[in-house]
Amino acid sequence: MKRQLLRNNIKKISFRVLGTLVIILSMLYLGKSVYGNWNQIRNISWRPNLFFLFLSFSIELFVQIMGVFFWTKIIKLLGASIVLKKALKIWFISSLGRYLPGKAWHLLGMMFLLSKEGIPVEVAITSSFFVQVYSLIPGIIISAFSIMPFLGESRLILSIPLISFGILIVLFISHPRIIGKLIQFLAKKRGKSIIAPGISPINSFLILLSYLIYWVLRGFGFFLFIKSFYFDIGVRSLPLAVSVFSSSYIIGLLFLLSPGGVGIRESVMLKMTNSLLKIPTGIASGLTIFNRIWLTFIEFICLLMALAINWRGNAKHEKKRKKENYQ
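No experiment lies behind these values; they were computed from the predicted model shown.

**A closer look at the overall build of the protein chain**
Next up, step 1: For the protein chain, the helix and strand inventory stands at twelve helices and zero strands.
Next up, step 2: Seen in sequence order, the protein chain has helices and strands lined up from the N terminus as α-α-α-α-α-α-α-α-α-α-α-α.
Next up, step 3: Residue burial in the protein chain is summarised as follows: out of 327 residues, 43% are buried.
Next up, step 4: Within the protein chain, contacts between residues at least 6 apart in sequence are counted, and of these 75% link residues at least 24 apart.
Next up, step 5: Carbon and sulfur atoms make up 70% of the accessible area of the protein chain, which totals about 18,700 Å².

**Some words on the nonpolar core**
Next up, step 1: With 70 residues, the main nonpolar core has Trp 71, Ile 74, Leu 114 and Ile 279 as its most contacted residues.
Next up, step 2: Elements represented by at least two residues in this core include exactly helix H3 (50–77), helix H4 (84–94), helix H5 (104–115), helix H6 (121–151), helix H9 (201–229), helix H10 (238–254), helix H11 (264–275) and helix H12 (281–326).
Next up, step 3: In terms of residue count, the dominant contributor to this core is H3 (twelve residues).

**Describing the packing of aromatic side chains**
Next up, step 1: Tallied over the full model, the rule gives 17 aromatic pairs.
Next up, step 2: Considering the side-chain rings of Trp 215 and Tyr 249, the 5.8 Å spacing of their centres and the 65° angle between planes classify their relative orientation as edge-to-face. With Trp 215 in helix H9 and Tyr 249 in helix H10, this residue pair connects regions lying 34 residues apart in the sequence.
Next up, step 3: By relative accessible area, which is 3% here, Trp 215 ends up buried.
Next up, step 4: Site record: aromatic cluster; members linked through ring pairs are Phe 69, Phe 70, Tyr 211, Tyr 214, Trp 215, Phe 222, Phe 245 and Tyr 249.

**Concerning the environment of Lys 227**
Next up, step 1: Within the secondary structure, Lys 227 is located in helix H9.
Next up, step 2: As for Lys 227 and Leu 53, which are separated by 174 residues in sequence, their C-alpha atoms are 8.2 Å apart.
Next up, step 3: A polar side-chain atom of Lys 227 sits 3.1 Å from the main-chain carbonyl oxygen of Phe 231.

**Quick look at unusual backbone geometry**
Next up, step 1: Here Lys 278, not a glycine, exhibits a phi torsion of approximately 60°, which is positive.
Next up, step 2: If you trace the backbone, Lys 278 turns up in the loop between H11 and H12.
Next up, step 3: On the basis of relative accessible area, Lys 278 is assigned to the exposed category, the value being 62%.

Scoring rules and cut-offs
- Residues numbered from 1 in each chain as written.
- Predicted model: local features only at pLDDT ≥ 70, side-chain atom pairs only at ≥ 80, totals over all residues.
- Heavy atoms only, no water.
- Helix = DSSP H or I, 4+ residues; strand = E, 2+ residues; numbered from the N terminus.
- Buried < 20%, exposed > 50% of the residue type's maximum accessible area, 1.4 Å probe, protein only.
- Contact = heavy atoms within 4.5 Å.
- Areas by Shrake-Rupley, 256 points an atom, 1.4 Å probe, with all protein chains shown as cover.
- Core = buried A, V, L, I, M, F, W, Y, C linked by side-chain atoms within 4.5 Å.
- Phe/Tyr/Trp six-rings, centres within 6.5 Å; stacked < 30°, edge-to-face > 60°.
- Polar contact = N/O pair within 3.5 Å; in protein donor to acceptor, adjacent residues only side chain to side chain.

Next comes the structure, spelled out in C-alpha cells:
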C-alpha cells in the first residue's frame, strides 16, 4: 500500500515537474523570438484599429456564451436541466481550474457546482466529456488546412478516414442505447437510479455542425484581432487564419503537461502565423502574446457578466420572497 502511494506521488511530482519544464522551454522559445526581433517589434506602432478590435471582442464574447449554451443543450439531452445564467456562472468559475497543474480541476469544479443545482455527477461527467469530443472533431477538421503544409498531402489524405471514423465513433457512443445505459450503470454503482435518454444520432450531428460554426466564428474573431494590429493581412488569409487559430488552440488543449495550453498554444500560433500567414516574426511574436492576454481578458469579462446576472437574479428573487412574506 505504501509502495503504491509512493509511486503515485512520484508520478504526480514527475508530471508537474515535466509540465513546468515544458512551459519554461516554450516561454524561452517565445522570449528568444521577441528578443531576436526586438528592433522590428520596437518600430511597430501597436495602436490598434479600435473598430476591428471591438468586432473581435464582440464575436469572441458571443462565441463564449454560445459554447455554454451548447453545453446546456447537451445536459438537457442527457436527461437533466439547467438554466443558461446558472450554467454561465458554473462554466466560467470552473474554467479557472484550467490554469492549475493537472487537467481535472475544471471537471471537479464543474461537478461540485452542478451538484449544488441538483444535477447528478454522472450527467456532469458525461456532459463535460461530450463538450470536449463534440468540439474537438470539427476543430480538428478545420485545423487540417493549416497542418497540411507540415504533414504533406499524402499524410493529410490518410487523416481523412481517421477523422471520419472519429465522427462515427462519437455518433455511436452518444446513441441512447450506449450512453444512456452507461450513465444508468454508473448511477447504480453509487446506489442511485437515473433515467438518461442519451443523445440521438441526429442531435449529435446537429451539435457537431454547431461546433463547426463555433470554431469558424472564433477563427474569424482571431482574424479581426490580427487585422486590428496588422492591417496588411488580406481577406484571402481569412480561411487560413481560422484554421491557424483552431489548430494552435486544440494542440494547446490536448497537451496535458501544460495547464491551459500555456506556452504550447503560443509557440504553435507563432510558427503558423509566421510561416503560413506570412506575418513578420516580430509582429507574429507580439500578436501571439497579446492574443493570450486578450482571450483571458474576455473570459474574465464573461465571468463578471455571469456573476452580475446571477447576483441580480438572486436579488430580485430575495426581494420577491420578502414581499410575499410581508403580505
